[in-house]
Amino acid sequence: MLGNSVKVELPRRVVALYLLCSLIAFLWLVANAVSVTKSIVRSNTEGDLLAYIRHSATLTTIDLAKNGDAHLQALVERFSRERDLLFCAFVGHDDTYIAHSLKRRVGHTHQVDNGITTRHEEIEIVRYTSGSLKIREYRSPIQLDELAGRLIVAKTEPTIDDTLQVTSQHAFVVLCGPPLLIALFGFTLYRLVSPMAAIDTQLRQAAVAATVADLRLTPLQSRGPSVLGWNRIVREFQKENASTGLDQRLSEAVQSLRQGKSDDVLNSLTDGVAVSDQKGMITFANQAMAAMFASDSQPESLCGQDVASGLGLDAEEEVSSSLFDPDLFARHVVEELERGAGESKQFLRIARTPIRAAEGTSSSGHVWTVRDITQQKLADAMRDQFLDNATHELRTPLANIKAYAETLSLGDSLDVESQKEFCNTINIEATRLARFIDDLLSVSSMEAGSLTLNKQGVDLQRLFAEVISKIKPQMDQKQLEFETIFPAKYPQAKFDKDKLNVALVNLLGNAAKYTPHAGRVRFEVKTTNTQLRIEVEDTGVGISEEELPRICEKFFRSANPKVQAVTGTGLGLSMAHEIIKLHGGDLTIQSKLGEGTTFTATLPLE
Ligand code: ADP
């Protein structure tokens, strides 16, 4: 249908229109030029005027014959109008005007001015001047049976002004025609071409659009087969684009959701995670990373920094670190770094992994993970110390037992007292060994969370007596003043007797261990209706304020050289604390470095 209506191609239609308009304009000009020339020539040609006068004279003769002078006035007025005459008149025998185009002259006498008279056949032509006017007067005799009068036609001589006037009368038509034609032609051409221009603009934009999805094609408002065709294409395109656009938006949404999700996941990690580009600039950092390194704890403030400064490394550290060795950029590198000093010392394990790039392309950056391993390091250090101490704890009593037993087995010469003393020492060392092994077992139960209580009615007096008997040899060995204060009467109580025994032996054992020779230890038990309060006070080495909060941690041992000089595992106190807590009680510690320590255990009575 479209093909049928668009028979002539656009360029040809435009050319045809152009030619048609040019032709019309040309014809217009020619026609007008001819008409103007004719007018000028006619107004200037005497022959033409003479012919007219003759024709007018004939008409006048016929009218006179028919109607007398009844129509003369109308006739002269008509002639004057027709030829734009100065005047036209009919003069009778007596030279008076019978009719005159200037009516007021009727009845006046026809003045014969002096002038140059010529004759053209029967018409007399008189040229004279009146004022500024040069006049030609034509006098044509009107004959009926005899001379009835004369038809006088007066015309001014044509001047340049007259010619111009005639020309100007036509000028409007001549000059306005072509512009009107051009305007009409322009309008038609505009109507024809403007939809093409709109289509052309959209096609140009399409040529530079990055993707088809970016194309914005719009239907046109005007009419015509080309516009109809264009609008149809646009509608099809929009339908197509709407579905692909939806797909694209959907995939973008999924992408950003994924991105957001992975950011959430990375931000919920406790390890610091950062991503650097090929130039070593941080492009992403998670919250944990920002908390460790950014002054304002905002991940954004790390982005854009180079990794070394982002991680707070100085130039020296950067040079010496394998993390920044260009030769290792394609490999996974892990390094531990120390930051700070003293109490605020931190250990960081930094791992750098190259981002696996698509096949055939080089690595596009690195992923950095930072883990704070300070606690792990401290635990490792304590465990190492524990192993040292444990070895010592096992070896010392064993060596003593072995030595005393050998001496006993060899010595017939030993008196009974010495033999008793040797046996006693072997007993003490064996008890120490057994206690250490008990401690180890209890700690492993604590670690496993399986340390449970076996509560039953306890004879507290007996319990304390057992504890003292276990600890007494240690007190005596160091010649400590050991003061015990017990209540007159004990309440009924339900405790795990063995575990409470272990806890108290540890507290008193520590008091004995960490109190210098000839010091003083006080063991006091107080009771109320609701609780049992046990105090172990010594005049020993004491505990510093900094170490006090950590004293009940597993494997913790004071850095005090006076403590380090004594062997220990760092387990006893944590175990005592755990046992008291399991009983629903509490262990508080008051200490002054170099002066002494007081442990207070409060246990609720059921
Ligand atoms: P250890 O085997 O080292 O004695 P504990 O767990 O019993 O282990 O004690 C932990 C640490 O607590 C000790 O190493 C010591 O530094 C400190 N400590 C415990 N009791 C006392 C005390 N009575 N006086 C001073 N320091 C003590």
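Residues numbered from 1 in each chain as written. Predicted model: local features only at pLDDT ≥ 70, side-chain atom pairs only at ≥ 80, totals over all residues. Heavy atoms only, no water.

## Thoughts on the overall build of the protein
(1) Moving on: A tally of regular secondary structure across the protein gives 16 helices and 18 strands.
(2) Moving on: On the principal axes, the C-alpha backbone points of the protein span a range of 210 × 60 × 50 Å.
(3) Moving on: The buried share of the protein, taken over its 606 residues, is 35%.
(4) Moving on: Restricting to contacts in the protein with at least 6 residues of sequence separation, those with at least 24 account for 55%.
(5) Moving on: Put simply, the protein shows about 36100 Å² of open surface, and 55% of that area lies on carbon and sulfur atoms. (Helix = DSSP H or I, 4+ residues; strand = E, 2+ residues; numbered from the N terminus. Buried < 20%, exposed > 50% of the residue type's maximum accessible area, 1.4 Å probe, protein only. Contact = heavy atoms within 4.5 Å. Areas by Shrake-Rupley, 256 points an atom, 1.4 Å probe, with all protein chains shown as cover.)

## A word on the side chain of S558
(1) Moving on: Its location among the elements puts S558 in the loop between β16 (531-538) and α15 (561-564).
(2) Moving on: Residue classification places S558 among the buried positions, given a relative accessible area of 10%.
(3) Moving on: Reaching out from S558, the side chain makes a polar contact with the backbone nitrogen of N560 at a distance of 2.9 Å.
(4) Moving on: Apart from residues lying up to four places away in sequence, S558 is in contact with E547, V563 and Q564. (Polar contact = N/O pair within 3.5 Å; in protein donor to acceptor, adjacent residues only side chain to side chain.)

## A word on the nonpolar core
(1) Moving on: Judged by nonpolar contacts, the single largest core of 50 residues is most densely connected at F464, F495, L508, F523 and L532.
(2) Moving on: Of all the elements, helix α14 (residues 497-513) adds the most residues to this core, at eight residues.
(3) Moving on: Non-local contacts of F523, meaning those with residues more than four positions away in its chain, are made with F464, I468, F482, E483, T484, I485, F486, L508, I534, E535 and V536. (Core = buried A, V, L, I, M, F, W, Y, C linked by side-chain atoms within 4.5 Å.)

## Section: the side chain of S140
(1) Moving on: Here S140 lies in strand β5 (residues 133-143).
(2) Moving on: Apart from residues no more than four positions distant in its own chain, S140 is found in contact with I53, A57, I123, G149, R150 and L151.

## Focus: the packing of helix α3 (residues 46-67) against helix α4 (residues 72-82)
(1) Moving on: Contact pair α3 / α4: the axes reach a minimum separation of 11 Å and the direction vectors enclose 165°. Judged by the inter-axis angle, α3 sits roughly antiparallel to α4. In terms of crossing hand, the pair formed by α3 and α4 is right-handed. Residues Y52, S56, L59, T60, D63 and L64 of α3 lie in contact with α4, whose contacting residues are L72, L75, R78, F79 and E82. (Axes fitted to C-alpha atoms, helices over the stretch in contact; angles between N-to-C directions. Parallel < 35°, antiparallel > 145°, perpendicular 65-115°, else oblique. Left-handed = near helix turned anticlockwise from the far one by under 90°.)

## Digging into the site of the ligand
(1) Moving on: Of all residues adjacent to the ligand, which total 21 residues, the nearest are N510, Y514, R557, T569 and L573.
(2) Moving on: K513 has a polar side-chain atom sitting 3.0 Å from an oxygen atom of the ligand.
(3) Moving on: Here the ligand loses 98% of its free accessible area of 530 Å² to cover by the protein chains.
(4) Moving on: Per element, the largest residue contribution to the shell around the ligand is three residues, and it comes from α14. (Near = heavy atom within 4 Å.)

## What about the sheet that holds β16?
(1) Moving on: Strand order in the open sheet formed by five strands is β13-β15-β16-β18-β17, with mixed pairing between adjacent strands. Looking at the sheet topology across the chains shown, the edges are occupied by β13 (481-485) and β17 (586-592). Between one strand axis and the next, the sheet turns through 10° on average, direction left out of account.
(2) Moving on: Note that strand β15 (residues 520-527) and β16 share seven bridges and pair antiparallel. Along β16, the bridge assignment pairs V521 with D538.
(3) Moving on: The sheet strands contacting α14 are β13, β15, β16, β17 and β18 (596-604), and the helix crosses β16 at an angle near 25°.
(4) Moving on: Where helix α16 (residues 572-582) meets the sheet, it contacts β17 and β18, and its direction lies at approximately 25° from that of β18. (Pairing = 2+ DSSP bridges.)

## A closer look at the domain arrangement of the protein
Many descriptions give the size of an interface as the accessible area lost when the pieces come together.
(1) Moving on: Here the protein is described as being made up of domain 1 (45-158), domain 2 (274-372), domain 3 (378-445) and domain 4 (452-604).
(2) Moving on: Each of domain 2 and domain 4 was reduced to a C-alpha centroid, and the two centroids are 48 Å apart. (Domains from an automatic or database assignment.)

## Comments concerning the packing of helix α12 (residues 416-448) against α16
(1) Moving on: Contact geometry for α12 and α16: axes closest at 10 Å, N-to-C directions at 55°. For the element pair α12 / α16, the angle class is oblique. Crossing hand, α12 versus α16: left-handed. When α12 is examined against α16, the residues D439, S442, V443 and M446 are found in contact with a partner set consisting of S574, M575 and E578.
(2) Moving on: Its residues assigned to classes, the contact of α12 with α16 comprises three nonpolar, two polar and two charged. (Nonpolar A, V, L, I, M, F, W, Y, C, P; charged D, E, K, R; others polar.)

## Remarks on unusual backbone geometry
With the exception of glycine, the majority of residues adopt a negative phi angle, and the majority of peptide bonds are in the trans configuration.
(1) Moving on: Its identity as a non-glycine residue notwithstanding, D95 has a phi of 60°, on the positive side.
(2) Moving on: On the accessibility criterion, D95 (24% relative accessible area) is partly exposed.
(3) Moving on: One non-glycine residue with positive phi stands out, namely F555, at about 70°.
(4) Moving on: You can see F555 is positioned in the loop between β16 and α15.
(5) Moving on: Relative accessible area serves as the criterion here: at 11%, F555 is assigned to the buried category.

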